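Residues per chain are reported as follows:
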Amino acid sequence: MQKFVVAEKFISINGEAKRAGELSVFIRFAGCNLRCNYCDTLWACDEAAATELMSAEEIYQYIKASDVKNITLTGGEPMLQKDIKLLLEKLGEDRNLRTEIETNGAVSLEEYYRTAPENISFTVDYKCPGSGMEHAMKLQNFENIRNCDTVKFVVSDRNDLDKMSEIVERYSLTEKCTVYVSAVFGRIEPREIVDHMVEKKMNDVRLQLQIHKYVWDPQARGV
């Protein structure tokens, strides 16, 4: 039986994206194929990190026992988990659940766009230059993204803001899906992002603040 490597699981509020502020069950998987220089969950990528092995059924039962409808699969990078398709199929069959996968933009999602039901959605990062990982982006992810999905930009500076504008326009993202922009915590002030949005007339792009970093310590785990 395939086991998934889980770094932590907990119930909290969604800190960002479409269901920000709502309760969600978080399943954080270990391991990532990127090393963004602002990563706040680098500990989950450490091979020495404490983890537990869980089957798809065990994850599903944990979720159902929580009595919470929203599920957030995160990491690390959840799409690197072997046989993640099996877990998504199981969660997708339960139409009482709404599953969001937070993915870093460096794993191809083409197959999942074709097969995943609408109660399985993807929040796809575009890693801007300030992350140090822009070279790893799978640009095709932004061509065929679905209406139920989201693209998220996390920006460090004006250069990142300009890149965001370029990518939003190149792939007509606001016509295809929901688009969010947020600040790398401590690097850029949200008002600078708003100024850029006003300057560029970025209709349908939404500023978001990472709520959990205001409710709890920005480095806190399990929240």
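Our structure is the block above this text.
Predicted, not measured: the structure shown is a model, and the values here were computed from it.

## Considering the side chain of lysine 152
Then comes step 1: Position of lysine 152 among the secondary structure elements: in strand S7 (residues 150–155).
Then comes step 2: Taking relative accessible area as the criterion, lysine 152 reaches 10% and is therefore assigned buried.
Then comes step 3: Those residues in contact with lysine 152, other than ones at most four positions away along the chain, are Glu16, Thr123, Val124, Asp125, Tyr126, Tyr180 and Gln208.

## Comments concerning the side chain of asparagine 104
Then comes step 1: Tracing the backbone shows asparagine 104 in the loop between strand S5 (98–103) and helix H3 (110–115).
Then comes step 2: Residue classification places asparagine 104 among the buried residues on the basis of a relative accessible area of 5%.
Then comes step 3: Here asparagine 33 takes part through its side chain, which lies 2.9 Å from a polar atom of the side chain of asparagine 104.
Then comes step 4: Once residues within four sequence positions are removed from consideration, asparagine 104 is found in contact with Cys32, Asn33, Leu34, Glu77, Asp125, Lys127 and Met137.

## Observations regarding the packing of helix H4 (residues 158–170) against helix H6 (residues 190–200)
Any two packed helices are characterised by the angle at which their axes cross and by the distance between the axes.
Then comes step 1: In contact at an axis separation of 11 Å, H4 and H6 are set at 40° when each is read in the N-to-C sense. One element, H4, and the other, H6, form an angle in the oblique class. Once H4 is placed against H6, the crossing between them reads as right-handed. Touching Arg158, Leu161, Asp162, Met164 and Ser165 of H4 are Glu192, Ile193, His196, Glu199 and Lys200, all from H6.
Then comes step 2: Residue composition of the contact of H4 with H6, by class: three nonpolar, two polar and five charged.

## Concerning the packing of aromatic side chains
Then comes step 1: Summed over the entire model, instances satisfying the criterion amount to seven aromatic pairs.
Then comes step 2: Summarising the aromatic geometry, the rings of phenylalanine 10 and phenylalanine 26 are spaced 4.9 Å apart at their centres and angled 5° between planes, so their arrangement reads as stacked. Here the residue phenylalanine 10 occupies a position in strand S1 (residues 4–13), and phenylalanine 26 occupies one in strand S2 (residues 23–29), the gap between them amounting to 16 residues. As far as burial versus exposure is concerned, phenylalanine 10 and phenylalanine 26 are alike and both buried.
Then comes step 3: Here lysine 9 stacks its cationic end above the ring of tyrosine 62, 5.3 Å away from the centre of that ring.

## Details of the pairing of strand S4 (residues 70–74)
Regular strands have side chains that alternate between both faces of the sheet.
Then comes step 1: Counting buried positions along S4 gives five out of five residues, so the element sits mostly inside the fold.
Then comes step 2: Along S4, one buried face is formed by Asn70, Thr72 and Thr74 and the opposite face, lined by Ile71 and Leu73, is buried too.
Then comes step 3: Strand direction decides the pairing type here: S2 and S4, joined by four bridges, are parallel. From the neighbouring strand, isoleucine 27 faces S4, where its bridge partner is leucine 73.
Then comes step 4: Examined bridge by bridge, S4 and S5 share four bridges and lie parallel to one another. Counted as the bridge partner of leucine 73 is isoleucine 101 from S5.

## Topic: the pattern of salt bridges
Then comes step 1: Within this structure, the stated rule accounts for 18 salt bridges.
Then comes step 2: For lysine 90, the salt bridge is made with glutamate 57, and the minimal N-O distance between the two is 2.9 Å. With lysine 90 in helix H2 (residues 84–93) and glutamate 57 in helix H1 (residues 56–66), this pair connects stretches of sequence that are 33 residues apart.
Then comes step 3: A relative accessible area of 25% means that lysine 90 is categorised as partly exposed.
Then comes step 4: Glutamate 199 is the salt-bridge partner of arginine 158, the closest N and O atoms lying 3.1 Å from each other. Here arginine 158, found in helix H4, pairs with glutamate 199, found in helix H6; they are 41 residues apart in sequence, far enough to count as distant.
Then comes step 5: Each of the salt bridges in this network shares a partner with another, and the network as a whole consists of Glu16, Asp125, Lys127 and Lys152.

The rules behind the values
Residues numbered from 1 in each chain as written. Predicted model: local features only at pLDDT ≥ 70, side-chain atom pairs only at ≥ 80, totals over all residues. Heavy atoms only, no water. Helix = DSSP H or I, 4+ residues; strand = E, 2+ residues; numbered from the N terminus. Buried < 20%, exposed > 50% of the residue type's maximum accessible area, 1.4 Å probe, protein only. Contact = heavy atoms within 4.5 Å. Polar contact = N/O pair within 3.5 Å; in protein donor to acceptor, adjacent residues only side chain to side chain. Axes fitted to C-alpha atoms, helices over the stretch in contact; angles between N-to-C directions. Parallel < 35°, antiparallel > 145°, perpendicular 65-115°, else oblique. Left-handed = near helix turned anticlockwise from the far one by under 90°. Nonpolar A, V, L, I, M, F, W, Y, C, P; charged D, E, K, R; others polar. Phe/Tyr/Trp six-rings, centres within 6.5 Å; stacked < 30°, edge-to-face > 60°. Lys NZ or Arg CZ within 6 Å of the ring centre and 35° of its normal. Pairing = 2+ DSSP bridges. Salt bridge = Lys/Arg side-chain N within 4 Å of Asp/Glu carboxyl O.

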